[in-house]
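Coordinate analysis (summary)
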Amino acid sequence: DRYTARDFAANYLKTCEPNAILFTNGDNDTFPLWYAQEVEGVRTDVRVVNLSLLNTDWYINQMRRQAYESDPVPFSLLEEKYRQGTRDVVFLDESRNTERRSVSVRQAVDFIGNDANMRTMGGGEKISILPTKNFYIPVDLEKTREMGLHTEADSSFVRERLEWRISRSYLMKNQMMVLDLLATNDWERPIYFAVTTGPDSYLNLQNYFKLEGLAYRLTPVESPDNRNPNTFGTVNTDRMYTNIMEKFKWGGMDSEDQIYMDENNLRLTNSIRLQFAALSDQLIEEEKIEMAGDVLDKSFEVMPHHNVPFDRLVVPLIENYYKIGQNEKANEIATILFGRYVEDFEYYVSLDPEWASQLQREMQMSYAIVQRLNVYVSRLYPQEGEIVEKFQSTFETMDAAYDAKFREIEAARQGKSMKF
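So, here's what we can say about the structure. (Residues numbered from 1 in each chain as written. Predicted model: local features only at pLDDT ≥ 70, side-chain atom pairs only at ≥ 80, totals over all residues. Heavy atoms only, no water.)

1. Topic: the environment of Val 105
Summarising the element assignment, Val 105 is placed in helix α5 (residues 105–113). Among the residues examined, Val 105 registers a relative accessible area of 2% and is labelled buried. Placed 42 residues apart in sequence, Val 105 and Met 147 show a C-alpha to C-alpha distance of 21 Å. Setting aside residues up to four positions removed in sequence, Val 105 forms contacts with Phe 135, Tyr 136, Ile 137, Trp 164, Leu 179, Leu 182 and Ala 183. (Helix = DSSP H or I, 4+ residues; strand = E, 2+ residues; numbered from the N terminus. Buried < 20%, exposed > 50% of the residue type's maximum accessible area, 1.4 Å probe, protein only. Contact = heavy atoms within 4.5 Å.)

What follows is the structure in structure tokens.
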């Protein structure tokens, strides 16, 4: 057996609470989920909403119907208000809102849906205008507490209303419908965004996200400054720990035998490694050291090097092993990763300048990773023995070769320029 998009999709769905709405965006994070639900019968209570298709009226209509155990998506706008050719774009024009007043999403959607508020342009064309970029969603804190959206530990960051700003100058139809859902749902159903949808899909709500696995859940908890560039918001460590350690399936990539992972499957594993790193980061922050160790062990158990080769995304996992004092495990993995990128680097610098110049980014990446691992064992988390000497001496040799190769590339460029 091998890791498949089906199993990856099932983990997306298993991340969600019952009767949730899960926003996806592209083909690769949508079609496998549909397959898992339609063919395998996995979590048919979760409504998968594809944001790309949400730009079409027929798909919005489809979302308004029951599907298996999933309730209709609670949109309030009538079909005639979003029919194709109508409100395909809503322009955000603050020119007359000099104080930049915020409006509730309910007010915003009602304003958009009122034909009297449409503006007539030259030639008689009518366009939809919304005179603000600042929005808020009121929060029933009793309801959201009962739903488990915040705990006592979140008390300093729980907000009675979500306030945010959309910095862009217009909304597409799909974003208009997301606003409609936020206005109409009133915290009744859990709302998630798949981690693969990307910031453009979040409407700038990511400061209110909690990571629960392979999806972010919208909550009334505003995250403090997030130092992790690979995640948004905060992490629900208890729920995510349960999902990863008990619910998720790994489709055979955790096999002791070597299996073939094609490019698509390997690319899918990137998100998983990033989420393992995010969870272990937060567990360490919360001083749940034993749980952090369990998560790190699990990450390498389900994605062993012989099936999912170690790459740059393993670096934060190595560092987290060092942070919790499990140096032997960190050293073992660091040695494998170090060897891989030294080998890559040696190939890049062996090339003629013409070809090496095409791989400068890859060369810089290899150099940076080897440098980082050397810093771990020599300064940040000082180690003893052969690993320190090996990393330091190898890096010094690389450093000299790196400088020489870039000089060679630059000289070749200048020579070509002079000939021209």
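2. Considerations on the pairing of strand β12 (residues 215–218)
Where burial is concerned, the two faces of β12 agree: the one with Ala 215 and Arg 217 and the one with Tyr 216 and Leu 218 are both buried. Bridging between strand β10 (residues 191–194) and β12 involves three bridges; their strand directions are antiparallel. Bridge pairing links Tyr 192 to Arg 217 in β12. Here strand β11 (residues 209–211) pairs with β12 via three bridges, running antiparallel. Pairing of Leu 211 across the sheet is with Tyr 216, part of β12. A loop of three residues connects β11 with β12, the two strands running antiparallel in sequence, and Gly 213 in this loop sits at a positive phi of about 160°. (Pairing = 2+ DSSP bridges.)

3. Let's talk about the sheet that holds strand β9 (residues 170–172)
Judged by pairing direction, the sheet is mixed, and its four strands sit side by side in the order β5-β6-β3-β9 without closing on themselves. Sheet topology places β5 (119–120) and β9 at the edges, where each strand pairs with a single neighbour. The pairing of strand β3 (residues 89–92) with β9 spans three bridges and is antiparallel. In the sheet register, Phe 91 faces β9, and the bridge partner there is Tyr 170. Sheet strands in contact with α5 are β3 and β6 (126–130), and its direction is about 165° off that of β6. Contacts from helix α7 (residues 173–185) reach β3 and β9 within the one sheet, and its direction differs from that of β9 by about 90°. (Axes fitted to C-alpha atoms, helices over the stretch in contact; angles between N-to-C directions.)

4. Quick notes on helix α11 (residues 315–323)
Among the nine residues in α11, seven count as buried, and that is most of the element. Residues of α11 that are buried include every one of Val 315, Leu 317, Ile 318, Glu 319, Asn 320, Tyr 321 and Tyr 322, and no others. Considering only its buried residues, α11 is in contact with α9 (263–285), α10 (289–302), α12 (327–350) and α14 (360–380). Of the residues trailing α11, Gly 325 is marked for its positive phi of about 80°.

5. Description of the side chain of Gln 383
Within the fold, Gln 383 resides in the loop between α14 and α15 (386–419). Residue classification places Gln 383 among the buried residues on the basis of a relative accessible area of 13%. Separated by 3.0 Å, the side chains of Gln 383 and Asn 331 make a polar contact. If near-sequence neighbours (up to four positions away) are discounted, Gln 383 is found in contact with Tyr 322, Asn 327, Asn 331, Val 377 and Val 388. (Polar contact = N/O pair within 3.5 Å; in protein donor to acceptor, adjacent residues only side chain to side chain.)

6. Concerning the nonpolar core
With 122 residues, the main nonpolar core has Leu 22, Leu 54 and Ile 318 as its most contacted residues. Ranked by the residues each element gives to this core, the list is headed by α12, at ten residues. Apart from residues lying up to four places away in sequence, Ile 318 is in contact with Ala 330, Ile 333, Ala 334, Leu 337, Leu 373 and Tyr 376. (Core = buried A, V, L, I, M, F, W, Y, C linked by side-chain atoms within 4.5 Å.)

7. Remarks on the packing of aromatic side chains
The description of an aromatic ring pair rests on the distance of the ring centres and on the angle between the ring planes. The tally for this structure, following the rule as stated, stands at 24 aromatic pairs. Through pairs of rings, three or more aromatic residues link up here, namely Phe 23, Phe 193, Tyr 202, Phe 209, Tyr 216 and Phe 232. For Arg 161, the ring lying beneath its charged end belongs to Tyr 136, and the centroid distance is 3.8 Å. One Lys or Arg, Arg 168, reaches over the ring of Tyr 170 and ends 4.7 Å from the middle of that ring. (Phe/Tyr/Trp six-rings, centres within 6.5 Å; stacked < 30°, edge-to-face > 60°. Lys NZ or Arg CZ within 6 Å of the ring centre and 35° of its normal.)

8. Regarding the packing of α9 against α10
In the contact formed by α9 and α10, the axes pass within 8 Å of each other and the chain directions differ by 165°. Relative to α10, the element α9 lies roughly antiparallel. Crossing of α9 over α10 shows left-handed handedness. In this structure, α9 contributes Phe 276, Leu 279, Ser 280, Leu 283 and Ile 284 to the contact, and α10 contributes Ile 289, Met 291, Ala 292, Val 295, Leu 296, Lys 298, Ser 299 and Val 302. Its residues assigned to classes, the contact of α9 with α10 comprises ten nonpolar, two polar and one charged. (Parallel < 35°, antiparallel > 145°, perpendicular 65-115°, else oblique. Left-handed = near helix turned anticlockwise from the far one by under 90°. Nonpolar A, V, L, I, M, F, W, Y, C, P; charged D, E, K, R; others polar.)

9. Remarks on the pattern of salt bridges
Using the criterion set out here, one finds 29 salt bridges in the structure. Arg 407 is the partner of Asp 403 in a salt bridge, and the nearest nitrogen-oxygen pair spans 3.0 Å. Of this pair, Asp 403 and Arg 407 both sit in helix α15, separated by four residues, roughly a single helical turn. Note on Asp 403: relative accessible area 39%, which makes it partly exposed. Within the structure, one salt-bridge network assembled from shared partners comprises Glu 17, Glu 212, Arg 217 and Arg 239. (Salt bridge = Lys/Arg side-chain N within 4 Å of Asp/Glu carboxyl O.)

From the geometry alone we can't say anything about function, so treat these as descriptive.
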